[in-house]
Amino acid sequence: MKYRYLPTTDQDRQEMLEKIGVRSIEELFSDIPSQIRLKRSYQLPEPLAEFSLMKHMKQLANMNQSLEDYTSFLGAGVYQHHIPSVVGHIISRSEFYTAYTPYQPEISQGELQAIFEFQTMIAELTGMEVANSSMYDGATALAEAANVAAAVTKQKKILISGALHPESREVLQTQAKGFGLQLIDIPLVDEVTNLEILRKSIDDQTAAVIVQFPNFYGSLETFADLAELIHQHKGLFIVQANPMALAIIEPPGAWGADIVVGDAQPFGIPTSYGGPHCGFFTTTKKLMRKIPGRIVGQTVDEDGNRGYVLTLQAREQHIRRDKATSNICSNQALNALAAAVYMSTFGKEGLQQVAKLNYDKAHYAAERLTSIPGVSLVNQSPFFHEFVIHFSKPAAAICRDLLSKKIFAGFDLGKIDLTRNHQLLVAVTEVRTKAEIDQFAVALEGVL
Amino acid sequence: MNKNTPLIFERSRKDRIAYSLPKSDVPTYAIPDELKREGKAELPEVSELDVIRHYTELSRRNHGVDNGFYPLGSCTMKYNPKLHEDVARLSGFAHIHPYQPQETVQGALKMLAELQKYLAEITGMEQVTLQPAAGAHGEWTGLMMIRAYHESRGDFKRTKVIIPDSAHGTNPASATVAGLETITIPSDEHGLVSIEHLRQVLGEDTAALMLTNPNTLGLFEREIIEIANLVHQAGGMLYYDGANANAILGISRPGDMGFDVVHLNLHKTFTTPHGGGGPGAGPVGVKNALVPFLPSPIIEQNEDGTYHLKDGLLQSIGRVKSYYGNFGILVRAYTYIRTMGSDGLKKVSENAVLHANYLLASLAEAYDVPYKGYCMHEFVFSGKRQKEQGVRTLDIAKRLLDFGIHPPTIYFPLIVEESMMIEPTETESKETLDQFIDVMLQIAKEIEHEPELVQDAPHTTVVKRLDEVRAARKPVLRWRKED
């Protein structure tokens, strides 16, 4: 059988074999002992032609209910936002998506410059001085941040707000084993970090304090002089943030964070069942040489023209090998490009406007939903575009009932905390209309 | 083309916009003063055409597989089928949320469950996790499982990972991040694992041996059966770095070679695009003994034929990434396997190996071959002879840019002086290979007769060689608005 991705004809093969000086391709595999040769075919389905395969894939896709078919109030770390048309067109340019890591800068200036711009934009939004070129996702970026803190402070204790995304907490737990980090959970008051306990827990063995902003329950916590206290004990202040919120909310860089990580998914990256998204890592100039992963820097060529290269590579695994504190090699560059195009498209004014629209829609929704008897707002602190409501019934039952009305009502908090099984985490972004929010409220009234 | 492309910030003009937002249909709510951002992030203000022109211009300053030959060793820069891009963008794949009820994502779960099965069959493993986001992430996941396995047996002294000196840098780095120590063993005179050295370092502290097979020199570890026996006799596990799996599809399975853990780079062997550095995916397959340690979650089929996400078992290493891996990449790899089937995948490796040997045979007189014999899907030249003529491998790489060819991987593996690692892949035609041969022979001649032509290369690119020392000494990692 012939394959459209394999151009070598029988004649080509013959000519190549002659040049090599063998009679068959089989001879080229003579180094592989016969005991370990596969003497049968793989048990795989027969190959499909493009037309049939597309049909099959559409069938699989159609077995899923997409966010375009349902009215969704799901968030919990992954958000449905409008993706401007230009984003898809740019990242579909194959000069970008079929390239590898820009090891040869002379023919990779496009990618390098785009990432340099991404680094600038993310640093601007978080209020930090420098950013890297991307990480796998927000959770792994956070785990890397904890490792950096341990390496810099030579301490192992990591204090973690109870309002951190539970999956980030789990990834931290897995990763912590490597460098023997000690994770200490700080309890909540209502839906925010218990600052009193947190402050008392900070000591000279503290490598880092980790909080999330807005936190997992949507709340915008204020940390006053927490950074100073952490710094007095020579620890680092690490914040996992949603960059969309930072367009209008005072960013962690302004309140003393040492490392701000998060996921740029809200910026032009489809939800895609949770990946690929785009972790980001930002920090201070002081910690610049401790950053994991690739970083693009500006320089000049032999003629003095401005250009860009991968830089500070002495930090990375291919140079440091077993002395490296991170093993990251591949990252999420194409999604960083998508985020950069998104940020360019919305720009200085537009990003504030879209963020404010998220804020307003969520606040309208909270007002509308909590006007229903039996529904109350759990958040005691201000929130951005996500909040928690409480019912007299289990949230799981409500989600199930609303599903039949083609509504994804939100994230049932009972899934992560049984004491919260009457609570629903609701996200409202700019794509939801007032009419949809009102329909959600009416439907909710009907099932309570 | 312009020598300098302005930064998008430099194109910015106040009051231009490239976005459209609906008029708000809800009241305005005030942000509390203490939370309000002071000052705006310095993002550009440009029109939609400005955005398009800017990024189009940048794309023209970039070389991808679609632009030309890309024989970057160990990276498997093969053609990225266009169908996969269309499939990944189907609404039912691109716009589903990780926390949707599982009954609303049965198509996604079915695809993932089948992919787990296909990859287990291809690698000869019992089960596969699709969680890891990249090869290095897979390495670390595999090593964490190996560590958990030993510790579950009360064996806490197995802290050493044996790694050949020809290995990728991610191998030792992954060991470190998994809390294990690396023992590097030298390669023998054939470029293979030195059995003698391996025997010396194996012992009660051995957690694992990590091997790339074929190795980074493009050579198959002929003694793999003995190597596996030795490692297992010592109580260690055998880890397969799948970076070079493009050589063995349908030919030999890591599970049958004796490996206990395998990661695959779907962005290499299974055609998902490299995206300028990512996203990729690094699924990990394991034999029975390691199944209890797989990360959460695994996709399983129910008795009624539906699918569900299953949390890791009691001994699971936990979660290694949010949600369910790089789903959009997994969809593409699945599509590829369904295009090729068993027969097609075998032809992939046959042609990849044929192409590499054809280049090797055609260029072996002009460039030094450090290890004789047939290669697998890639091979390594040494630029030693050329260095003696005053031209370094870096110069040869830069000269290739003038011909529109992406250079091979250079100065890796570290054990070959002035190394050039060449991987043509199966998707290139003989004409492309012949053109590469002609160019490499021409450069060899230039080195003899006009070395400065090579030393001063590239001549045709948008920028000349860049000052990397300056970039690292005085780092400029972002643009700043001038006051």
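The rules we used
The numbers attached to residues start from 1 for each chain and follow its sequence in the written order. Written order determines the labels here, with chains lettered from A and ligands numbered from 1. The model is predicted, so local features are restricted to residues of pLDDT at least 70 and side-chain atom pairs to those at 80 or more, both for listing and for counting; the totals for chains, interfaces and linings are taken over all residues. To get the side-chain values, take all heavy atoms of the structure and skip hydrogens and water. UniProt positions are given in the numbering used here, feature names are shortened, and annotations may be inferred rather than shown by experiment. Think of it this way: any DSSP run of H or I at least four residues long counts as a helix, any run of E at least two long counts as a strand, and we number them from the N terminus. Contacts: residue pairs with any heavy atoms within 4.5 Å of one another. For accessible areas, the Shrake-Rupley method is used with a probe of radius 1.4 Å. Any residue's cover is judged against the shown protein chains and nothing else. Positive charges come from Lys and Arg, negative ones from Asp and Glu, while His and the chain ends are left out of the count. By convention, the charge on Lys lies at NZ, on Arg at CZ, on Asp at CG and on Glu at CD. With a 1.4 Å probe rolled over the protein chains alone, any residue whose accessible area is under 20% of its type maximum counts as buried; one over 50% counts as exposed, and the rest are partly exposed. Simply put, the buried area is the total loss of 1.4 Å probe accessible area from both parts when two parts are fitted together. Salt bridges are defined by distance alone: a side-chain nitrogen of Lys or Arg within 4 Å of a carboxyl oxygen of Asp or Glu. Two N or O atoms count as a polar contact when they lie within 3.5 Å, although within protein this holds only if one can serve as hydrogen donor and the other as acceptor, and sequence-adjacent residues are included solely when both atoms are side-chain atoms. Axis geometry follows a simple rule: fit a line to the C-alpha atoms, using only the stretch in contact for helices, then measure angles between N-to-C directions, giving values from 0 to 180 degrees. A crossing counts as left-handed when the near helix is turned anticlockwise from the far one by less than a right angle, and as right-handed when that turn is clockwise. We call Asp, Glu, Lys and Arg charged. Ala, Val, Leu, Ile, Met, Phe, Trp, Tyr, Cys and Pro are nonpolar, and the rest, Gly among them, are polar. Segment limits for the domains were obtained from an automatic or database-derived domain assignment. We define a nonpolar core as any set of buried Ala, Val, Leu, Ile, Met, Phe, Trp, Tyr and Cys residues linked to one another through side-chain atoms lying within 4.5 Å. Think of it this way: DSSP has to see at least two bridges between two strands before they count as a pair. Stacked, tilted and edge-to-face pairs are distinguished by plane angle, under 30 degrees for stacked and over 60 for edge-to-face with tilted covering the rest, among Phe, Tyr and Trp rings (Trp via its six-membered ring) whose centres lie within 6.5 Å. What a helix is expected to span follows from its residue count: subtract one and scale by 1.5 Å. By the definition adopted for this analysis, an angle is roughly parallel if under 35 degrees, roughly antiparallel if over 145, roughly perpendicular if from 65 to 115, and oblique otherwise. If you view a crossover with the strands going away from you and the path from the first strand over the helix to the second runs clockwise, you call it right-handed.

Looking at an unreviewed UniProt entry, chain B carries the name Probable glycine dehydrogenase (decarboxylating) subunit 2, with the source organism given as Seinonella peptonophila. Recorded under Subunit (unreviewed entry), the UniProt text for chain B is reproduced unchanged: "The glycine cleavage system is composed of four proteins: P, T, L and H. In this organism, the P 'protein' is a heterodimer of two subunits." Per UniProt, chain B carries the Catalytic activity (unreviewed entry) text "N(6)-[(R)-lipoyl]-L-lysyl-[glycine-cleavage complex H protein] + glycine + H(+) = N(6)-[(R)-S(8)-aminomethyldihydrolipoyl]-L-lysyl-[glycine-cleavage complex H protein] + CO2".

In the annotation of an unreviewed UniProt entry, chain A is listed under the name Probable glycine dehydrogenase (decarboxylating) subunit 1 and assigned to Seinonella peptonophila. The heading Subunit (unreviewed entry) in the UniProt record of chain A holds the text "The glycine cleavage system is composed of four proteins: P, T, L and H. In this organism, the P 'protein' is a heterodimer of two subunits." The UniProt entry for chain A carries the following text under Catalytic activity (unreviewed entry): "N(6)-[(R)-lipoyl]-L-lysyl-[glycine-cleavage complex H protein] + glycine + H(+) = N(6)-[(R)-S(8)-aminomethyldihydrolipoyl]-L-lysyl-[glycine-cleavage complex H protein] + CO2".

## Comments concerning the overall build of chain A
Helices and strands together make up the secondary structure of chain A, namely 15 helices and 17 strands. The C-alpha extent of chain A, read off along each of the three principal axes, is 80 × 55 × 50 Å. Here the contacts in chain A between residues at least 6 apart in sequence split such that 71% fall between residues at least 24 apart. Of the roughly 15,000 Å² of accessible surface on chain A, 49% is carried by carbon and sulfur atoms. Distance between charge centres in chain A, computed from 41 positive and 49 negative side chains, equals 4 Å.

## With respect to the overall build of chain B
Broken down by element type, chain B carries 15 helices and 12 strands. Viewed in the frame of its principal axes, chain B has a C-alpha envelope of about 75 × 70 × 45 Å. Within chain B, buried positions represent 68% of all 483 residues. Within chain B, residue pairs in contact and separated by at least 24 positions form 72% of the contacts whose partners lie at least 6 positions apart. As displayed, chain B offers around 16,200 Å² of accessible surface, 46% of which is attributable to carbon and sulfur atoms. Averaged over its 51 positive side-chain charges, chain B has a centre that lies 5 Å from the centre of its 63 negative ones.

## Focus on the interface of chain A and chain B
Each partner contributes to the interface: chain A provides 184 residues, whereas chain B provides 206 residues. The junction of chain A with chain B conceals about 17,800 Å² of combined surface from both sides, 61% of it contributed by carbon and sulfur atoms. Looking only at chain A, the three residues that lose the most surface to chain B are Tyr5, Tyr42 and Tyr273 of chain A, adding up to 6% of its buried area. Summed over the shared surface of chain A and chain B, the result is 13 salt bridges. Across the pair Lys321 of chain B and Asp137 of chain A runs a salt bridge, and its minimum N-O distance is 3.3 Å. Joining chain A to chain B, the criterion identifies 107 residue pairs in polar contact (both at pLDDT 80 or more).

## What to know about the packing of helix H7 (residues 138-153) of chain A against helix H8 (residues 166-179) of chain A
Residue and element names in this part refer to chain A. For the pair H7 and H8, interaxial distance at closest approach is 9 Å and the crossing angle is 40 degrees. Viewed along their axes, H7 and H8 form a crossing whose handedness is right-handed. Residues Ala139, Thr140, Leu142, Ala143, Ala146 and Asn147 of H7 lie in contact with H8, whose contacting residues are Ser168, Val171, Leu172, Gln175 and Phe179. Taken together, the residues that form the contact of H7 with H8 break down as 7 nonpolar, 4 polar and no charged.

## Some remarks on the UniProt feature "domain: Glycine cleavage system P-protein N-terminal" (unreviewed entry) in chain A
Within the UniProt annotation, "domain: Glycine cleavage system P-protein N-terminal" (unreviewed entry) is assigned to residues 4-440 of chain A. Summarising residues 4-440 of chain A: 37% helix, 16% strand, and an end-to-end C-alpha distance of 49 Å.

## Overview of the domain arrangement of chain A
Residue and element names in this part refer to chain A. The domain boundaries assigned to chain A delineate domain 1 (71-82 + 348-447) and domain 2 (85-342). Summed over both sides, the interface between domain 1 and domain 2 buries roughly 2,200 Å², with carbon and sulfur atoms accounting for 66% of that surface. Inspection of the region where domain 1 meets domain 2 yields 0 salt bridges. On the surface where domain 1 and domain 2 come into contact, there are 10 residue pairs in polar contact (both at pLDDT 80 or more). Within the residue set of the side of domain 1 that touches domain 2, elements represented by two or more residues are helix H13 (333-369) and strand S14 (386-390). The element that contributes the greatest number of residues to the side of domain 1 that touches domain 2 is H13, accounting for 6 residues. Across the side of domain 1 that touches domain 2, the residue classes break down as 17 nonpolar, 9 polar and 3 charged.

## What to know about the UniProt feature "domain: Glycine dehydrogenase C-terminal" (unreviewed entry) in chain B
UniProt marks residues 349-450 of chain B with the feature "domain: Glycine dehydrogenase C-terminal" (unreviewed entry), using the numbering shown here. Secondary structure over residues 349-450 of chain B splits into 48% helix and 10% strand, and the C-alpha atoms at its two ends are 38 Å apart.

## Considering the nonpolar core
Generally speaking, nonpolar side chains in soluble globular proteins are found buried as a group. Formed by 133 residues in total, the largest nonpolar core has its most connected members in Tyr273 of chain A together with Phe270 and Tyr367 of chain B. For this core, the element with the highest residue contribution is helix H10 (residues 327-363) of chain B, accounting for 18 residues. Discounting residues that sit within four places of it in the chain, Phe270 of chain B has contacts with Leu119, Ile122, Leu249, Leu264, Asn265, Ala333, Tyr336 and Ile337 of chain B. Listed in part, the 107 residues of the second largest apolar core include Ala131, Cys278 and Ala395 of chain A together with Tyr55 of chain B.

## Looking at the domain arrangement of chain B
Annotation of chain B at the domain level lists domain 1 (1-61), domain 2 (84-339) and domain 3 (346-469). Distance from the C-alpha centre of domain 1 of chain B to the C-alpha centre of domain 2 of chain B: 41 Å.

## Considering the sheet that holds strand S12 (residues 419-422) of chain B
All names here are of chain B. An order of S10-S12-S11 is seen for the 3 strands of this open sheet, with the pairing classed as antiparallel. In this open sheet, the two edge strands, each paired with only one partner strand, are strand S10 (379-382) and strand S11 (409-410). Taken together, the 4 bridges between S10 and S12 define a ladder with antiparallel strand orientation. Bridging across to S12, Ser382 finds its partner in Ser419.

## A closer look at the packing of aromatic side chains
Residue and element names in this part refer to chain A. Going through the model one piece at a time under the given rule, you end up with 29 aromatic pairs over all chains. Between Phe223 and Trp255, the aromatic rings sit 5.5 Å apart at their centres with planes inclined by 35 degrees, giving tilted as the arrangement. A residue pair is termed long-range when its members are at least 10 positions apart, and Phe223 in the loop between strand S7 (206-213) and helix H10 (226-232) and Trp255 in the loop between helix H11 (243-246) and strand S9 (259-263) qualify at 32 residues. The class of Phe223 is buried, set by a relative accessible area of 4%.

## Considerations on the sheet that holds strand S17 (residues 423-427) of chain A
Residue and element names in this part refer to chain A. Across the sheet, which stays open at both edges, the 4 strands sit in the order S13-S14-S17-S16 with antiparallel pairing between neighbours. Sheet topology places strand S13 (376-377) and strand S16 (411-412) at the edges, where each strand pairs with a single neighbour. The strands touched by H13 within the sheet are S13, S14 and S17, with S14 carrying the most contacts at an inclination of about 5 degrees.

## Notes on the side chain of His385 of chain A
Residues and elements named next belong to chain A. Secondary-structure assignment places His385 in the loop between S13 and S14. Of the residues examined, His385 reaches a relative accessible area of 1% and is grouped as buried. Not counting the four nearest positions on each side in its chain, His385 is found in contact with Tyr79, His81, Asn242, Asn358, Ala362, Val426, Ala427, Val428 and Thr429.

## Notes on the side chain of Thr120 of chain A
Turning to its location among the elements, Thr120 of chain A is positioned in helix H6 (residues 109-126). In terms of polar contacts, Thr120 of chain A uses its side chain to reach the backbone amide nitrogen of Trp479 of chain B, at 2.9 Å. Setting aside residues no more than four positions away along its own chain, Thr120 of chain A makes contact with Phe9, Arg478 and Trp479 of chain B.

## Let's talk about H6 of chain A
Residues and elements named next belong to chain A. Along its 18 residues, H6 runs 26 Å from first to last C-alpha, staying within 8% of the 26 Å computed at 1.5 Å per residue. Taken across its 18 residues, H6 has 18 buried, putting it largely inside the fold. Once H6 finishes, Gly127 follows within two positions and takes phi at roughly 75 degrees, a positive value.

## Examining the packing of helix H3 (residues 50-62) of chain A against H10 of chain B
In contact at an axis separation of 11 Å, H3 of chain A and H10 of chain B are set at 140 degrees when each is read in the N-to-C sense. When the axes of H3 of chain A and H10 of chain B are compared, the pair comes out oblique. Crossing hand, H3 of chain A versus H10 of chain B: right-handed. Where H3 of chain A approaches H10 of chain B, its residues Leu53, His56, Met57 and Leu60 of chain A are matched on the opposing element by Val331, Tyr334, Thr335, Arg338 and Thr339 of chain B.

## Remarks on the pairing of strand S4 (residues 182-186) of chain A
Residue and element names in this part refer to chain A. Pairing between strand S3 (residues 157-161) and S4: 5 bridges, direction parallel. The residue of S4 that forms the bridge with Ile158 is Leu183. Considered for its hand, the β-α-β crossover made up of S3, H8 and S4 is right-handed.

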